[in-house]
Amino acid sequence: EAQEGNESLGKVAVERLLLGHGGMPLKYRHRMWPQLLRITSSAEFEKLLDVQLPNKVKEQIDADVPRTRNSLVVGRHTELRRVLHALGAHRPEIGYAQGMNQLAAVFLKLGFQEEAAFSMMDAIMKDLLPGCHYPDLHGLFRDTGVADILIQSFLPRHAMLFEKTGIQVLWFTVDYFLTLGSNTTSLPFIACLWDLCFLWGPRALFSGFLAMLDLYFELPRSDKEPKGESEDDESEWLMKKFKVALAEASPDGFAARTAEFLHERQGGISDELIATLRASVTST
């Protein structure tokens, strides 16, 4: 218990630094991220590159590498393809799924070596986003159910608006969980979110999701705001506004809002709460 307490105090200290300095300096991420994800060096990476992938997996990787956000992977297609090949060989039950290219590209963009990117990707898929990239996407649907419950509890006005306009929680969660928020947001924003997710684990994953909605999905202030004539038009208009706001978002304020959901609102989102919700959604 004493060790767990010391570890928790250490995480709180790191979080205070993140909140006070607008995110972790890049030189510290290279050291801290592997530690937070409990990565150990391994000679496995090069061996996995020699494994023959199923043709379908190889074709999916070859098709998706050029589709990766150019700002993340410019000039790094060969390295990205190698990381995804190693992951496909290491996790044949997954092979390759959309979103994995964006995740790996972030690590390469931030200057991590291929082996480190592979190891951290493996840790994310196992511990932070379990099941989200499986062919049946069972982890994505599980975590969408958890997100729906949390929205109703922590953001009831959003929940009411979503029900009224027909907005589905899945519209938000596909990009968020499959790419860990890296599909459309800026690199500083992504790094800020990942700092907290690697520090606190799944509870920060869901706290960041709620903070993202709370900050960037603007609730209409009155019925006088311009909307479409139908419910479909209104939901499309609201989602478009959200995507524009998210694309322009900076990490300033986002880390603090995420910390509010982690520690303050309704007593904070705990590891136990997320584990219980994941288990309950899975069993239904």
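Summarised in this report is the structure supplied together with it. (Residues numbered from 1 in each chain as written. Predicted model: local features only at pLDDT ≥ 70, side-chain atom pairs only at ≥ 80, totals over all residues. Heavy atoms only, no water.)

## Structural notes on helix α6 (residues 77–90)
For α6, spanning 14 residues, the distance from its first C-alpha to its last is 20 Å, which sits close to the expected 20 Å at 1.5 Å a residue. All buried positions along α6 are accounted for by Leu80, Val83, Leu84, His85, Ala86, Leu87, Gly88 and Ala89. Buried-residue contacts for α6 involve α3 (44–48), α4 (55–64), α5 (70–73), α7 (100–109) and α8 (114–128). (Helix = DSSP H or I, 4+ residues; strand = E, 2+ residues; numbered from the N terminus. Expected span 1.5 Å × (residues − 1). Buried < 20%, exposed > 50% of the residue type's maximum accessible area, 1.4 Å probe, protein only. Contact = heavy atoms within 4.5 Å.)

## Considering the nonpolar core
In this structure, Trp33, Phe107, Trp194, Phe198, Phe209 and Phe217 are the most contacted members of the largest nonpolar core, which totals 92 residues. If one sorts the elements of this core by residue count, helix α12 (residues 187–200) sits on top with 10 residues. For Trp33, the residues in contact, after removing those within four places along its chain, are Met24, Tyr28, Phe107, Leu110, Phe112, Met120, Ala191, Trp194, Asp195 and Phe198. (Core = buried A, V, L, I, M, F, W, Y, C linked by side-chain atoms within 4.5 Å.)

## Some remarks on α7
Among the 10 residues in α7, 9 count as buried, and that is most of the element. Residues of α7 that are buried include every one of Met100, Asn101, Gln102, Leu103, Ala104, Ala105, Val106, Phe107 and Leu108, and no others. Gly111 lies just past α7 and shows a positive phi near 95°.

## Here we look at the pattern of salt bridges
A complete count under the given rule lists 16 salt bridges for this structure. Glu46 is paired through a salt bridge with Arg82; the nearest N and O atoms lie 3.5 Å apart. Note that Glu46 is positioned in helix α3 and Arg82 in helix α6, a separation of 36 residues in sequence. For Glu46, a relative accessible area of 48% puts it in the partly exposed group. The class for Arg82 is partly exposed, based on a relative accessible area of 28%. For Glu93, the salt bridge goes to Arg91, with nearest N and O atoms at 3.2 Å. For Glu93, a relative accessible area of 35% gives the class partly exposed. Linked through salt bridges whose partners overlap, the residues forming this network are Asp214, Arg257, Glu260 and Arg265. (Salt bridge = Lys/Arg side-chain N within 4 Å of Asp/Glu carboxyl O.)

## A word on the packing of helix α9 (residues 138–154) against helix α13 (residues 202–216)
When two helices pack together, their arrangement is given by the angle between the helix axes and by the axis-to-axis distance. Relative to each other, α9 and α13 sit at 55°, their axes nearing to 11 Å. The angle between α9 and α13 places the two elements in the oblique class. The handedness of the crossing between α9 and α13 is right-handed. Of the residues in α13, those touching α9 at Asp143, Val146, Ala147, Leu150, Ile151 and Phe154 are Phe206, Phe209, Leu210 and Leu213. (Axes fitted to C-alpha atoms, helices over the stretch in contact; angles between N-to-C directions. Parallel < 35°, antiparallel > 145°, perpendicular 65-115°, else oblique. Left-handed = near helix turned anticlockwise from the far one by under 90°.)

## Thoughts on the environment of Ala116
Position of Ala116 relative to the elements: it lies in helix α8. Accessibility expressed as a relative area gives 25% for Ala116, which makes it partly exposed. Along the chain, Ala116 and Val83 lie 33 residues apart, while their C-alpha atoms are 9.4 Å from each other.

## Considering the layout of surface pockets
Its boundaries defined by the atoms lining it, the second largest pocket holds a volume of some 250 Å³. As for the second largest pocket, its lining consists of 15 residues, and the residues nearest its centre are Phe172, Asp175, Thr184, Phe242 and Leu246. Of all elements in the fold, only α11 (170–179) and α14 (231–247) reach the threshold of two or more residues within the lining of the second largest pocket. The element that contributes the greatest number of residues to the lining of the second largest pocket is α11, accounting for 6 residues. A class-by-class count of the residues in the lining of the second largest pocket yields 8 nonpolar, 5 polar and 2 charged. (1 Å grid on protein atoms, 1.4 Å probe; cavity = no way out; pocket = protein on both sides within 12 Å on 5 of 7 lines; lining within 4 Å. Points joined across faces, edges and corners; volume = space filled by probe spheres on them. Nonpolar A, V, L, I, M, F, W, Y, C, P; charged D, E, K, R; others polar.)

## Digging into the packing of α12 against α13
Two elements in contact, α12 and α13, have axes separated by 6 Å at closest approach and are oriented at 145°. Of the two elements, α12 crosses α13, and the hand of that crossing is right-handed. For the pair α12 and α13, the contacting residues are Phe189, Leu193, Leu196, Cys197 and Trp200 in the first and Pro202, Arg203, Ala204, Leu205, Gly208 and Tyr216 in the second. Across the contact of α12 with α13, the residue classes break down as 9 nonpolar, 1 polar and 1 charged.

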